[in-house]
Structure formats: C-alpha cells, structure tokens
Amino acid sequence: THFEYVVRGTLFTADGRVLRMSRLAEATSATLPRLSKVVRRLDARGLVERRTCPGDGRATNVHLTQAGRKAWVQATPAHRAMARDSVLADLTDEQLTAIADALSIIVGHLGPEPACPPLTRQGDIGI
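Structural notes, computed from the coordinates. (Residues numbered from 1 in each chain as written. Predicted model: local features only at pLDDT ≥ 70, side-chain atom pairs only at ≥ 80, totals over all residues. Heavy atoms only, no water.)

1. Digging into the overall build of the protein chain
Along the protein chain, the regular secondary structure elements total five helices and three strands. Traced from its N-terminal end to its C-terminal end, the protein chain shows the element sequence α-β-α-α-β-β-α-α. The burial tally for the protein chain puts 31% of its 127 residues in the buried class. Of the accessible surface of the protein chain, which amounts to about 8200 Å², a share of 55% is contributed by carbon and sulfur atoms. (Helix = DSSP H or I, 4+ residues; strand = E, 2+ residues; numbered from the N terminus. Buried < 20%, exposed > 50% of the residue type's maximum accessible area, 1.4 Å probe, protein only. Areas by Shrake-Rupley, 256 points an atom, 1.4 Å probe, with all protein chains shown as cover.)

2. So, the pairing of strand S2 (residues 48-53)
Here S2 pairs with strand S3 (residues 56-64) via six bridges, running antiparallel. If you follow Cys 53 over to S3, its bridge partner there is Asp 56. The hairpin turn running from S2 into S3, its antiparallel successor, is two residues long. (Pairing = 2+ DSSP bridges.)

3. Overview of the nonpolar core
With 20 residues, the main nonpolar core has Val 7, Leu 11, Leu 24, Leu 35, Val 39, Val 48 and Val 62 as its most contacted residues. Residue contributions to this core peak at five residues, all from helix H1 (residues 2-13). What Val 48 contacts, discounting residues up to four positions off in sequence, is Leu 11, Val 39, Leu 42, Asp 43, Val 62, His 63, Leu 64 and Thr 65. (Core = buried A, V, L, I, M, F, W, Y, C linked by side-chain atoms within 4.5 Å. Contact = heavy atoms within 4.5 Å.)

4. Here's the deal with the environment of His 79
In this fold, His 79 is placed in helix H4 (residues 66-88). In this structure the C-alpha to C-alpha distance between His 79 and Tyr 5, which are 74 residues apart in sequence, comes to 8.5 Å. Beyond its immediate stretch of four places on either side in the chain, His 79 contacts His 2 and Tyr 5.

Printed below as a string of structure tokens:
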C-alpha cells in the first residue's frame, strides 16, 4: 500500500534505518494503532523487525531489514511514475517551474537536506 511504502521510505532515510515507533508514527502522520497494524504486517513479511528500544524497555524500535530496503528500492520507480502521472502530467513547464520555486523555499525552512531526491519527468531515483 501507499502507507507501507511511506513507512519503509521513512525508515530508509532514518539513521541506521531504525526509528522508535512513536517517532515513526509522528514522521508518517499516523496514529500508533494504525502504524502498529502496518508494522505487524511488514514484520510478518520480513520487511521490518520490531526490537525493544535499548534505552527504554517499554518502547519499540522499528528496523528496516535488507529485504525491506530492497522492496522499497524496487517499488520506487513505479511509485514515482504513478505520482508523476497522476499529479504532474498535466502541468505545463511554467507551472512545474513555479511549483519547484515555491517548494525550494519551503524545503529551505525544513532543514539542510531534502529527505528524497526531487521528482523528474523521467522518474530516475538517486539512490
């Protein structure tokens, strides 16, 4: 699902490919019950592992496995093509330039590095 893709992508960009469950919920704008259900499904398929947090035995960390990383990388071209076709396809070059200009200002306020490489019409990924 799209949400599973977002969860794996968030873990892919995290330090050590691991996040505390509460931080992962925050980063994906999910409720803990929704995220728990998805993480259970991903864990059952070997795409993530749930581990006790070393610093807090009450908390759970979610780790992206090698299989999860591979599945995310393989899904990325199709995911980007779908986004490009459904969101960007009908925009003119002028409109795309205006969006890119506006988003560069927004990204500048979010931090020094964007989490993902930019979408292009070709859909190449920079991994």
